Amino acid sequence: MKTLDILSLGEPLMEFAEVERGGERLFLPGFGGDSSNAAIAAARQGAKVGYFTAVGDDAFGRDFLALWDREGVDRSPVIVRPGARTGIYFISYGPEGHVFSYYRAGSAAAQVLPAELPLEAIASARVLHLSGISQAISTGCADAGFAAVRHARANGTIVSYDTNLRLRLWPLDRARAVVQAASALADIVRPSIDDAGQLTGLDEPGAIADLYLGLGCRIVALTLGPEGTLVATAERRETVPGRRVEAVDATGAGDTFTGAFLADWLVHGDPFRAAAYANAAAALKTLGKGAVAPIPRRPAVEAFLAR
């Protein structure tokens, strides 16, 4: 029996975002981590969401447990590791946009092994979601990601995979090998045009969609920045236009898209309609700073779509 809409798997990161106050440069705390962001985005759209990771038995880990409780995300599978630490990152802002500085090596989440996976939760979810980052943070996590996907497939759970590429975490050749193998096992693949160019060597959106469909997935949702999203299935493809706003911070916009897309798609099963909804949610998210705080809830997204 499926009791969860979505189970997301990966690494949460405590966020410190730069602000200027009274001429001083300050960093305000917040929350991040692509798979956690996506889980929260889906929950704010009304989906029943769970999350699996490991956090340190530290102040930041406890902050995340409280966050997931506030957001209605089932965190019962989460491991709390005594003596381990929760990863962090800093966001700075400059002429080229946001710049990230990470301090995550050896985090509690990076120590996750296949034997620690919440197999019952995976089997009870309609969708399992993970990303390239979920697998990039350690060899053990790469193996755990594959084990989670195979268990999902064996139990009729749909697999969603965001190819999210971070070359600070692993070399491009390894990223290409792991992401392509994972994408071949996924039902929904969620690349961005920038990451896909590096991962596939292709720059034409249609060719990128063809590659991922050729691996065996059912739906490709290729985000194209302000231009929108190319949604492709075996029967149809269409570029769903983006929503124009005066963006303040794009941090977590792709994760917001992913969570909103999955939550909306699970309601009606139309990936093109879900992409239009997710484009709107991602646009609204960029109106505020930080990854999580500006993620909109369903009433705000629906009102924006109705304009």
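For the structure itself, consult the block above.
If you're wondering where the values come from, they're calculated on a predicted model, not measured in any experiment. (Residues numbered from 1 in each chain as written. Predicted model: local features only at pLDDT ≥ 70, side-chain atom pairs only at ≥ 80, totals over all residues. Heavy atoms only, no water.)

Asks: Give me the lowdown on the overall build of the protein, citing residues and values where you can.
Replies: A tally of helices and strands in the protein yields eleven helices and 14 strands. Taken over the C-alpha trace, the protein has a radius of gyration of 18 Å; the compact-globule value for 307 residues is 19 Å, and the two agree within 12%. Of all 307 residues assigned to the protein, the portion counted as buried reaches 58%. Restricting the contact set of the protein to residue pairs at least 6 apart, pairs at least 24 apart contribute 70%. Working note: accessible area of the protein is about 12600 Å², and carbon and sulfur atoms make up 53% of it. (Helix = DSSP H or I, 4+ residues; strand = E, 2+ residues; numbered from the N terminus. Rg over C-alpha atoms; globule rule 2.2 N^0.38 Å. Buried < 20%, exposed > 50% of the residue type's maximum accessible area, 1.4 Å probe, protein only. Contact = heavy atoms within 4.5 Å. Areas by Shrake-Rupley, 256 points an atom, 1.4 Å probe, with all protein chains shown as cover.)

Asks: I'd like a description of empty space enclosed by the protein, backed by residues and values.
Replies: In this approach, a probe sized like a water molecule rolls over the atoms, and the result shows the empty space that is left. Going through the model one piece at a time under the given rule, you end up with two cavities of 30 Å³ or more. Taken together, L9, G10, F52, T53, A109, V112, S134, I137, C141 and A144 make up the lining of the largest cavity. A volume near 40 Å³ is recorded for the second largest cavity. In terms of lining residues, the second largest cavity is bounded by R176, V179, Q180, L199, T200 and Y212. Looking at the lining of the second largest cavity, the elements with two or more residues in it are α6 (172–184) and α7 (193–200). The element contributing the most residues to the lining of the second largest cavity is α6, with three residues. Of the residues that constitute the lining of the second largest cavity, the class distribution is three nonpolar, two polar and one charged. (1 Å grid on protein atoms, 1.4 Å probe; cavity = no way out; pocket = protein on both sides within 12 Å on 5 of 7 lines; lining within 4 Å. Points joined across faces, edges and corners; volume = space filled by probe spheres on them. Nonpolar A, V, L, I, M, F, W, Y, C, P; charged D, E, K, R; others polar.)

Asks: Lay out the packing of aromatic side chains with the relevant residues and their values.
Replies: Two descriptors summarise a pair of aromatic rings, namely the distance from one centre to the other and the angle between the planes of the rings. A complete count under the given rule lists eleven aromatic pairs for this structure. Each ring, one from F27 and one from F90, has its centre 5.5 Å from the other, and the planes form 85 degrees; the classification is edge-to-face. With F27 in strand β3 (residues 24–32) and F90 in strand β7 (residues 88–94), this residue pair connects regions lying 63 residues apart in the sequence. For F27, a relative accessible area of 28% corresponds to the partly exposed category. Here the aromatic rings of Y51 and W68 are separated by 5.0 Å at their centres, their planes lie at 50 degrees, and the arrangement is tilted. Residue Y51 is found in strand β4 (residues 49–52), and its partner W68 is found in helix α2 (residues 59–71); the two are separated by 17 residues along the sequence. Since its relative accessible area comes to 0%, Y51 is described here as buried. Between R243 and the ring centre of F304, over which it is positioned, the NZ or CZ distance is 4.6 Å. (Phe/Tyr/Trp six-rings, centres within 6.5 Å; stacked < 30°, edge-to-face > 60°. Lys NZ or Arg CZ within 6 Å of the ring centre and 35° of its normal.)

Asks: Kindly report on the sheet that holds strand β13 (residues 229–232), identifying the contributing residues and their values.
Replies: As summarised here, the arrangement of the eight strands in space is β4-β1-β9-β10-β11-β12-β13-β14, forming an open sheet in which the pairing is mixed. Of all strands in the sheet, those with a lone pairing partner are β4 and β14 (237–240), marking the two edges. Each adjacent strand pair in this sheet contributes to an overall mean axis angle of 15 degrees, direction not counted. As paired elements, strand β1 (residues 4–9) and β4 share four bridges and run parallel to each other. By the bridge assignment, I6 is partnered in β4 with V49. Along the sheet, helix α1 (residues 34–44) contacts β1, β4 and β9 (125–131); its crossing angle with β4, the most-contacted strand, is approximately 165 degrees. (Pairing = 2+ DSSP bridges. Axes fitted to C-alpha atoms, helices over the stretch in contact; angles between N-to-C directions.)

Asks: Help me get a handle on the pairing of β3, residues and values and all.
Replies: In this structure, strand β2 (residues 13–21) lies alongside β3, joined through nine bridges in antiparallel fashion. Looking at β3, one finds that M14 is bridged to F31. Between β2 and β3, which follow one another and run antiparallel, lie two residues, and G22 among them has a positive phi close to 60 degrees.

Asks: Lay out the layout of surface pockets with the relevant residues and their values.
Replies: Its boundaries defined by the atoms lining it, the largest pocket holds a volume of some 1400 Å³. Along the wall of the largest pocket there are 47 residues; nearest its centre are H98, S192, A250, A253 and G254. Split into classes, the residues belonging to the lining of the largest pocket amount to 18 nonpolar, 17 polar and twelve charged. The calculated volume of the second largest pocket comes to roughly 170 Å³. Along the walls of the second largest pocket sit 15 residues, with E15, P29, G30, F31 and A293 positioned nearest its centre. For the lining of the second largest pocket, the leading source of residues is β3, giving four residues. Per-class residue counts for the lining of the second largest pocket are nine nonpolar, two polar and four charged.

Asks: Tell me about the packing of α7 against helix α8 (residues 205–215), residues and numbers included.
Replies: Between α7 and α8, whose axes approach to 11 Å, the crossing angle comes to 65 degrees. Note that α7 runs across α8; the crossing there is left-handed. Residues I193, A196, L199 and T200 of α7 form the contact with α8, whose own contacting residues are P205, I208, L211 and Y212. By residue class, the composition of the contact of α7 with α8 is seven nonpolar, one polar and no charged. (Left-handed = near helix turned anticlockwise from the far one by under 90°.)

Read these as geometric descriptors, not functional statements.
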